[in-house]
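# Close look at the chain arrangement
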Amino acid sequence: MNGHIPVLLEECIKYLNIKPDGLYVDGTMGMGGHSEAILQRLTTGRLIAIDRDAVAIERASERLAAYSDKLTIVHGNFRDLDAILDEQGVQFVDGMLFDLGVSSPQLDE
């Protein structure tokens with residue numbers, strides 16, 4: 001996990017225009033880089049992070065452990081976003097991020 005650099009991190013964070021008390025979704029948590037940057041900007045807000053890869057969830061959970069009070073990790077697929085948000089009791093979000101691409105650590109392994 002060391003050395004992981006999230007794609008277009010600064011641009012993603014800039015255009016999400018994160019509100020400290022907002023509710024956000026990272027639909028492709030992966031190694032947790034984007035999630036961590038979002039969480040660092042939240043005070044009373046919440047992030048729902050989704051991934052279908054159990055190994056990625058395990059690694060990102062370790063990375064993001066310090067933010068557990070404002071983080072919900074869901075083992076699932078972003079294609080089921082409606083159902084996931086319903087399960088979480090969420091009707092409205094302030095922003096969503098989907099890093100759609102190939103994960104080089106997954107290819108390496």
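Notes on the structure follow.

## Here's the deal with the environment of Leu 39
Mapped onto the fold, Leu 39 is located in helix H2 (residues 33-40). Of the residues examined, Leu 39 reaches a relative accessible area of 0% and is grouped as buried. Not counting chain neighbours up to four residues away, the residues in contact with Leu 39 comprise Leu 47, Leu 64, Tyr 67, Lys 70 and Leu 71.

## Some words on the side chain of Thr 28
Note that Thr 28 resides in the loop between strand E1 (23-26) and H2. Within polar-contact distance, the side chain of Thr 28 engages the backbone nitrogen of Asp 99 at 2.7 Å. Ignoring sequence-local partners within four residues, the contact set of Thr 28 consists of Ile 50, Asp 51, Phe 78, Leu 97, Phe 98, Asp 99 and Leu 100.

## Things to note about the environment of Ala 37
Within the secondary structure layout, Ala 37 lies in helix H2. Residue Ala 37 is classed as buried on the basis of its relative accessible area of 5%. Distance from Ala 37 to Ile 13, taken between C-alpha atoms, is 7.3 Å for residues 24 residues apart in sequence. Those residues within four positions of Ala 37 in sequence are excluded, and the remaining contacts are Leu 9 and Ile 13.

## Considerations on the packing of aromatic side chains
All chains considered together, the criterion is met by 1 aromatic pair. With a centroid separation of 5.6 Å and 65° between ring planes, the pair formed by Phe 78 and Phe 98 is classed as edge-to-face. Of this pair, Phe 78 sits in the loop between strand E3 (71-75) and helix H4 (81-87) while Phe 98 sits in the loop between strand E4 (95-97) and helix H5 (104-108); the two residues are 20 residues apart in sequence, bridging distant segments of the chain. With a relative accessible area of 35%, Phe 78 lands in the partly exposed category.

## Comments concerning the pattern of salt bridges
Tallying each qualifying case throughout the model produces 2 salt bridges. For Asp 94, the salt bridge goes to Lys 19, with nearest N and O atoms at 2.8 Å. Taken together, the residues Asp 94 in the loop between H4 and E4 and Lys 19 in the loop between helix H1 (9-16) and E1 connect sequence positions 75 residues apart.

## Some thoughts on the sheet that holds strand E2 (residues 46-51)
Judged by pairing direction, the sheet is parallel, and its 4 strands sit side by side in the order E3-E2-E1-E4 without closing on themselves. Both outer strands of the open sheet, E3 and E4, are each paired with one neighbouring strand and no more. The mean inter-strand angle of the sheet, taken between neighbouring strand axes irrespective of direction, is 15°. The pairing of E1 with E4 spans 3 bridges and is classified as parallel. Note on E4: the bridge partner recorded for Val 25 is Met 96. Against the sheet, H2 makes contact with E1, E2, E3 and E4, and its axis sits at roughly 175° relative to E2, the strand it touches most.

Cut-offs applied
Residues numbered from 1 in each chain as written. Predicted model: local features only at pLDDT ≥ 70, side-chain atom pairs only at ≥ 80, totals over all residues. Heavy atoms only, no water. Helix = DSSP H or I, 4+ residues; strand = E, 2+ residues; numbered from the N terminus. Buried < 20%, exposed > 50% of the residue type's maximum accessible area, 1.4 Å probe, protein only. Contact = heavy atoms within 4.5 Å. Polar contact = N/O pair within 3.5 Å; in protein donor to acceptor, adjacent residues only side chain to side chain. Phe/Tyr/Trp six-rings, centres within 6.5 Å; stacked < 30°, edge-to-face > 60°. Salt bridge = Lys/Arg side-chain N within 4 Å of Asp/Glu carboxyl O. Pairing = 2+ DSSP bridges. Axes fitted to C-alpha atoms, helices over the stretch in contact; angles between N-to-C directions.

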